[in-house]
Amino acid sequence: MKVNASTRRQFLTRAGAATVAFTLLPRHVLGGPGFVPPSEKVNIALVGAGGQGIRNAKALLALPDVQIVAVADPAESFSLERFYYGGLGGRGPARAVVGELGAGVAPGRRCKAYEDFRVMLEREKSVDAVLCATPDHLHAGVSVMAMRGGKHVYCEKPLTHNLREARLVARIALETGVATQMGNHGHSTVGIRETVEHLQAGTIGVVREVHAWSTARRTNLTLVGKPADAPPVPADMNWDLWLGPREPRAFHPAYHPVGWRDFWAFGNGGIGDMGCHDLDAAVWGCDLHAPVRVEGSGAGPTDSEIGPHASTIRYDFPARAGRPPVRVTWYDGGLMPPTPDVVGGFPLPRRGVLFLGDKGAIQCDGAGGAPRLFPESLRARVAAPPATQPRSRGHHRDWIDACKGGPPASSHFGYGARLTEIVLLGALAVRLRRRIEWHAEALSVQRELAGADEIIRGTYRTGWEVA
C-alpha cells in the first residue's frame, strides 16, 4: 500500500500496533522508531554546514533513496579556502549544494535553511534523520534532542565532547532504538575488517603492544593561549548560537572556522580530531574497553584554554577474556613511534597503526588501512583468515539501511561511545598533565586530581544543559 509523505507516520503507527497485537516481528520486518519503508526516501536534516558537513551532504546525496530537506548553521556563509576543505561553508552554500546535487530528487520541493537547529527540528515534521557535523561541543546536544524526537542520527567523531555525554548518548540511543552511526568512515573499510580478522585469528600471536600515530596538529600555530583581541563578529553569523553551551566569549577567527579544535572549550586537540579514526582498529581488533591507567604529555605551549602542538598518550588496558594486558601508545602532531626491528627496512607511513605480537607484527595506514604482515617470512606462509566480519556497503549507506530497518550500522553509538570514551580519556590526561587512574564504573579518577570532574562531566550555560 502506497501512502503519501503527510500520512506516512500515522499509517505506520496504526499498522505497527495492529501487527504487534498478533505477533512480535523483528525490527527489519516491522521497523523501529522512525522506521522508513524501503520504498521511501529518507528525509535528512543537516546540522552544521562547515567543510565536513558539506562533505557528508555530498556523500548522502549520492545515494538514490536520500533527500536533504533542511540545513541549519549559525553562519550564512564563510570561506574555507585557507583550510584543506576549500570552497565555502555555511547554510547558504550547503543549500546550494543540495539544490545542485539533489535536483529532480523531489520535484517542487526545496531544501530549507535555518540559523538555529532547534527551530528546524521543531518545524520540520517530515525529517526522518539528522546528520550532525557541528563542532564537538554541540554533538551531544544535537544528538540527544534528535533521538528524543524519534530521529535517526549520524554524528561526526568524536561522538561527544566529554565522558559523561558519551555515556548519556549511548544510553539514549539504546532506549529510543533509533538507527545511529558515528562519522569515523574508516570503520567501514575492507582494510580494517581484514586487520580485525588477522588479530582475532592470532596471525601475529599474542598482542601486548600497539602504537597509533597521526599528523593532526594545531591550526593556530602561533597562539600560546586564548586570543586577547576581539574583532567584530561577521555580519551574517550568530556567534552566541555558535557558542551554544559555552559561556560568552569574544568572537575570533582563531575559533571559526576549523580552528576551534585547538581549544579545550570546543574540541580535544589532535587526539580528539583523529583518535576515533586511528585507534579504531586497536579498540575493535583487540576488544579494548576501559583502560585502568592513562598518562599524557604535550609538546609546545598549552594551558587551560588551548591544547599543545603535539602529544604522546599511553593507555594501559587490563587483561580480558584470556588475553593479557595491552599498552596502547598514541602520538600526534608529527610524533611517531620508533621503527621496530620486526618490520625490517619498511618505512612507517606518516599516519598509521602498528600491532606487535609474539609471532610478528601488523602495520596499517590510519583510518582503516589494509594490514601489512611482518616479517616477510610470516607474510609468505600465512593465508588470509576467514572473512568473519560482515563487509560494509559504505559508511553512509549502512546508516541509511539501518534507518530503513536493516541491521545496525557497525559504528553505532554503542560502539562509538566506547571508542570516544577512550579518546577523551587521552585528552583528559593531556589536559591534567598527570597520570590518571580510571575508575570506569564511577566515571572518575583519583581524588587528588583537582579539576578532573569538571572536564569529565562538562559545564553548561543555562538553557543548554544536556541531560
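Our subject is the structure that appears above.
The paragraphs below set out a description of the structure included in this document. (Residues numbered from 1 in each chain as written. Predicted model: local features only at pLDDT ≥ 70, side-chain atom pairs only at ≥ 80, totals over all residues. Heavy atoms only, no water.)

Attention now goes to the sheet that holds strand E7 (residues 152-155). A sheet is described by the order of its strands in space; here 6 strands give the open sequence E5-E2-E1-E6-E7-E8, paired in parallel fashion. Taken across any chain shown, the strands that pair with only one partner, and hence form the sheet edges, are strand E5 (112-114) and strand E8 (180-182). Across this sheet, the average inter-strand angle for adjacent strands is 20°, counted without regard to direction. The sheet contact formed by strand E1 (residues 42-47) and strand E2 (residues 66-72) spans 6 bridges and is parallel. Residue pairing in the sheet places Ala45 in a bridge with Ala70 of E2. Lying over the sheet, helix H6 (residues 139-148) contacts E1, strand E6 (129-132), E7 and E8, oriented at roughly 165° with respect to E7. (Pairing = 2+ DSSP bridges. Helix = DSSP H or I, 4+ residues; strand = E, 2+ residues; numbered from the N terminus. Axes fitted to C-alpha atoms, helices over the stretch in contact; angles between N-to-C directions. Contact = heavy atoms within 4.5 Å.)

Quick look at helix H13 (residues 395-403) now. Each turn of an α-helix holds 3.6 residues, which means side chains three or four residues apart point in the same direction. For H13, the tally of buried residues reaches 9 of 9 residues, placing the bulk of the element in the interior. Within the span of H13, buried status applies to His395, His396, Arg397, Asp398, Trp399, Ile400, Asp401, Ala402 and Cys403. In the stretch just after H13, Gly405 is the one whose phi turns positive, near 100°. (Buried < 20%, exposed > 50% of the residue type's maximum accessible area, 1.4 Å probe, protein only.)

Cis geometry marks the peptide bond from His256 to Pro257, where omega comes out at 0°. Phi is positive for Val258, which is not a glycine, with a value near 70°. Residue position: Val258 is located in the loop between helix H9 (239-243) and helix H10 (269-278). Positive phi, close to 45°, is recorded for Ala321, a residue that is not glycine. For Ala321, the position within the fold is in the loop between strand E11 (310-317) and strand E12 (326-331).

Turning our attention to H10. The buried fraction of H10 amounts to 10 of the 10 residues, a majority that puts the element mostly inside the structure. Burial in H10 covers these residues: Gly269, Gly270, Ile271, Gly272, Asp273, Met274, Gly275, Cys276, His277 and Asp278.

Quick look at the packing of aromatic side chains now. A full pass over the atoms with the stated rule returns 10 aromatic pairs. Arranged with centres 4.8 Å apart and planes meeting at 10°, the rings of Trp239 and Trp242 form a pair that is stacked. You can see Trp239 and its partner Trp242 sitting in helix H9, 3 residues apart, about one turn around the helix. Both residues of the pair, Trp239 and Trp242, count as buried. Note on Trp239 and Tyr255: the rings are 6.1 Å apart at their centroids and 15° apart in plane angle, and the pair reads as stacked. One end of the pair, Trp239, is in helix H9; the other, Tyr255, is in the loop between H9 and H10, with 16 residues separating them in the sequence. Among the residues examined, Trp239 registers a relative accessible area of 7% and is labelled buried. Overall, Tyr255 belongs to the buried group, its relative accessible area being 1%. A cation over a ring is seen here: Arg379 above Phe374, with NZ or CZ 5.4 Å from the ring centre. (Phe/Tyr/Trp six-rings, centres within 6.5 Å; stacked < 30°, edge-to-face > 60°. Lys NZ or Arg CZ within 6 Å of the ring centre and 35° of its normal.)

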